Amino acid sequence: MNPIACASGARPPVPRRARAGVAALAAVLWGVTLVSCAWLAYLVGVVVVSAVTEGASPGGFLLWCALIVAAAVGALTAIAFAPGVRRLAPESRLLLLGALACPAPALLAVLTWTGLT
C-alpha cells in the first residue's frame, strides 16, 4: 500500500460484491435470446436455400431481415452506452440489456416453431 496515499486519508476502492443471482438471471436471459436468434438464423437460411432452388430471388427477404437485425443491434448499443446505464454494475447492465433483447426474438421463435406465423 502506498504510505503517502494512506497518510492523506485516501482509501483503496472497496471491491463490489458479486451478485450471483443477478448474473445467473442475466445468463439465462441471454441464453434464451441467443438460442432464439440461432433458430431464426436457421429459418432464414432454410428460406433462402429453398427460394434459390426454386429460382426465386430472396433479396427482398434478406434485406428486411438484415434491416431488422441492424436496427435491433443499433438500439441495444445506444442503450448500452447511455450514461445512466453505463453507471450500473456490470451484472445489472447485462440483466437490463438481456431483458430488453430477449422478448422479441423469443416470441418470434416460438411463433415460428408452433407454426402460428
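You'll find the structure just up there.
Predicted model, so just to flag it, every value in this text is computed and none were measured.

Peer 1: Which residues make up the overall build of the chain, and what are the values?
Peer 2: Across its full length, the chain holds 6 helices and 0 strands. Every one of the 117 residues in the chain was classed for burial, and the buried ones make up 17%. Put simply, of all contacts in the chain between residues at least 6 apart along the chain, 66% involve residues at least 24 apart.

Peer 1: So what's going on with the side chain of Thr-33? Residues and values would help.
Peer 2: Within the fold, Thr-33 resides in helix 2 (residues 20–53). Here Thr-33 falls in the buried class, since its relative accessible area comes to 4%. Beyond its immediate chain neighbours, meaning those up to four positions away, Thr-33 contacts Gly-98, Ala-101, Cys-102 and Pro-105.

Peer 1: Any chance you could break down the packing of aromatic side chains for me, citing the residues and the numbers?
Peer 2: If you walk through the whole model with that rule in mind, you get 2 aromatic pairs. On the basis of an interplanar angle of 35° and a centroid distance of 5.7 Å, the ring pair of Trp-39 and Tyr-42 is categorised as tilted. In this pair, Trp-39 and Tyr-42 both sit in helix 2, 3 residues apart, roughly one turn of the helix. Overall, the relative accessible area of 23% leaves Trp-39 in the partly exposed class. Ring centres of Trp-39 and Trp-113 lie 4.9 Å apart, and the angle between their planes is 70°; on these two criteria the pair is classed as edge-to-face. Of this pair, Trp-39 sits in helix 2 while Trp-113 sits in helix 6 (residues 103–114), placing them 74 residues apart in sequence.

Peer 1: Tell me about the packing of helix 2 against helix 5 (residues 90–101), and name the residues and values.
Peer 2: Contact pair helix 2 / helix 5: the axes reach a minimum separation of 8 Å and the direction vectors enclose 30°. Classified by the angle their axes make, helix 2 and helix 5 are roughly parallel. Judged by the twist between their axes, the crossing of helix 2 over helix 5 is left-handed. Residues Val-22, Ala-23, Leu-25, Ala-26, Leu-29, Trp-30 and Thr-33 of helix 2 form the contact with helix 5, whose participating residues are Glu-91, Ser-92, Leu-94, Leu-95, Leu-97, Gly-98, Ala-99 and Ala-101. Grouping the amino acids of the contact of helix 2 with helix 5 by side-chain chemistry returns 11 nonpolar, 3 polar and 1 charged.

Peer 1: Residues and numbers for the side chain of Ser-92, please.
Peer 2: Residue placement: Ser-92 occurs in helix 5. Apart from the residues within four sequence positions on either side, Ser-92 is in contact with Arg-19 and Val-22.

The rules behind these values
- Residues numbered from 1 in each chain as written.
- Predicted model: local features only at pLDDT ≥ 70, side-chain atom pairs only at ≥ 80, totals over all residues.
- Heavy atoms only, no water.
- Helix = DSSP H or I, 4+ residues; strand = E, 2+ residues; numbered from the N terminus.
- Buried < 20%, exposed > 50% of the residue type's maximum accessible area, 1.4 Å probe, protein only.
- Contact = heavy atoms within 4.5 Å.
- Phe/Tyr/Trp six-rings, centres within 6.5 Å; stacked < 30°, edge-to-face > 60°.
- Axes fitted to C-alpha atoms, helices over the stretch in contact; angles between N-to-C directions.
- Parallel < 35°, antiparallel > 145°, perpendicular 65-115°, else oblique.
- Left-handed = near helix turned anticlockwise from the far one by under 90°.
- Nonpolar A, V, L, I, M, F, W, Y, C, P; charged D, E, K, R; others polar.

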